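A structural walkthrough
This is what each chain is made of:
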Amino acid sequence: MSVVRLEVDGGIGTIRLDRPPMNALDSTVAAELRTAAVEATRRSDVRSVVLYGGEKVFAAGADIRQMAPMGYAEVSTWVGDLNSTFEVVARIPKPVVAAVTGYALGGGLELALCADVRVLAEDARVGQPEILLGVIPGAGGTQRLPRLIGPSRAKDLIFSGRQVRAAEAAEIGLADAVVPAGEVYVQAKRIAGRYTNGPAMALAAAKQAVDDGAEIALAEALRLEAALFAGLFATEDRRIGMESFLESGPGKADFIGR
């Protein structure tokens, strides 16, 4: 039985983790998550994506039972595969929203960090508790977290291993929205739905410009932005958008996604 599946509705692809009770991330989840992310990337009927673990929990971290017996060589392969999977998720060229209920801890938070937007339930808790196991985050926590909330705040969470409630997550920029638990998925889909009729290639270019630009020198990033901007003049949506603007004003274009 599949533990990760892609469900498509109205242009929104939901990547649903379903490994009860806690959606622990093992090798099977990682493999199926990669498959779902690749499918969401390739499918033209998927215009935005929601990462969702269900009503009770997003993902409570790596499967420690699977990890504990591993030696250096085995764990190096395992964490390399998980990192590679999360990079595929992070590189989905479409807006991605994480709908976080219950817990997003360790690898679960690292997965949520791969999204562009994070919606948390009011009673959700997030954190990087790896230090309490005598290790450190290994699938992006020491890298994506400080890029999002700053090095000092990230070090506090990583050094202490403490769990952060939704209100504090919002204060430090780790959560973009906090809503009642029963509304998390609805709100995530509402946000994702804003982009389903947008110019798909321009959205992909905008995401690439922001994400890749953050990793390189400003002068190089500006050249990347200019190249992506110019490239969009080869798309139908650019023609549609500009013609619509000239004829009817802004915000009225009917984009076709190519």
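Here, the structure is the one placed above.
Presented here is an overview of the structure given in this document. (Residues numbered from 1 in each chain as written. Predicted model: local features only at pLDDT ≥ 70, side-chain atom pairs only at ≥ 80, totals over all residues. Heavy atoms only, no water.)

All chains considered together, the criterion is met by 17 salt bridges. Residue Asp63 pairs with Arg19 through a salt bridge whose shortest N-O separation is 3.0 Å. Linking Asp63 in the loop between strand S3 (48–52) and helix H2 (64–67) with Arg19 in the loop between strand S2 (12–17) and helix H1 (27–42), this pair joins segments that are 44 residues apart in sequence. In this structure Arg19 comes out as partly exposed when scored by relative accessible area, which is 25%. Between Glu39 and Arg43 there is a salt bridge, and its shortest N-O distance comes to 3.0 Å. The partly exposed category is assigned to Glu39, whose relative accessible area is 33%. (Salt bridge = Lys/Arg side-chain N within 4 Å of Asp/Glu carboxyl O. Helix = DSSP H or I, 4+ residues; strand = E, 2+ residues; numbered from the N terminus. Buried < 20%, exposed > 50% of the residue type's maximum accessible area, 1.4 Å probe, protein only.)

Here the focus is unusual backbone geometry. Note the cis peptide between Pro20 and Pro21, where omega equals 5 degrees. Inspection of the secondary structure puts Pro21 in the loop between S2 and H1. At Asn23, a position not held by glycine, the phi torsion is positive, near 55 degrees. By the element assignment, Asn23 lies in the loop between S2 and H1.

Attention shifts here to the pairing of strand S1 (residues 4–9). Within a regular beta strand, the side chains point alternately toward one face of the sheet and then the other, so they alternate between its two faces. Relative to S2, S1 runs antiparallel, the two being bridged by six bridges. Pairing of Asp9 across the sheet is with Ile12, part of S2. What sits between the antiparallel neighbours S1 and S2 is a turn of two residues, in which Gly10 has the positive phi angle 60 degrees. (Pairing = 2+ DSSP bridges.)

You can see Val46 is positioned in the loop between H1 and S3. Along the primary structure Val46 and Lys94 are separated by 48 residues, whereas in three dimensions their C-alpha atoms are 8.5 Å apart.

Ordered by their spatial adjacency, six strands build an open sheet running S1-S2-S3-S4-S6-S9, and the pairing between neighbours is mixed. Looking at which strands have only one partner, the edges of the open sheet turn out to be S1 and strand S9 (177–179). Neighbour-to-neighbour, the strand axes of this sheet turn through a mean angle of 20 degrees, independent of strand direction. Strands in contact with H1 are S1, S2 and S3; relative to S1, the strand with the most contacts, it is inclined by about 25 degrees. (Axes fitted to C-alpha atoms, helices over the stretch in contact; angles between N-to-C directions. Contact = heavy atoms within 4.5 Å.)

This next bit is on helix H3 (residues 72–90). With 19 residues, H3 extends 26 Å between its outermost C-alpha atoms, agreeing within 8% with the 27 Å of an ideal straight helix rising 1.5 Å per residue. Check the buried side of H3 and you find it contacts H1, S3, H2, helix H4 (107–112), helix H5 (141–149) and helix H9 (200–213). (Expected span 1.5 Å × (residues − 1).)

Quick look at the sheet that holds strand S8 (residues 164–165) now. Ordered by their spatial adjacency, three strands build an open sheet running S5-S7-S8, and the pairing between neighbours is mixed. The open sheet has two free edges, formed respectively by strand S5 (103–105) and S8, since each of these has just one partner strand. Relative to strand S7 (residues 125–127), S5 is paired through three bridges, and the arrangement is parallel. Along S7, the bridge assignment pairs Leu105 with Gly127.

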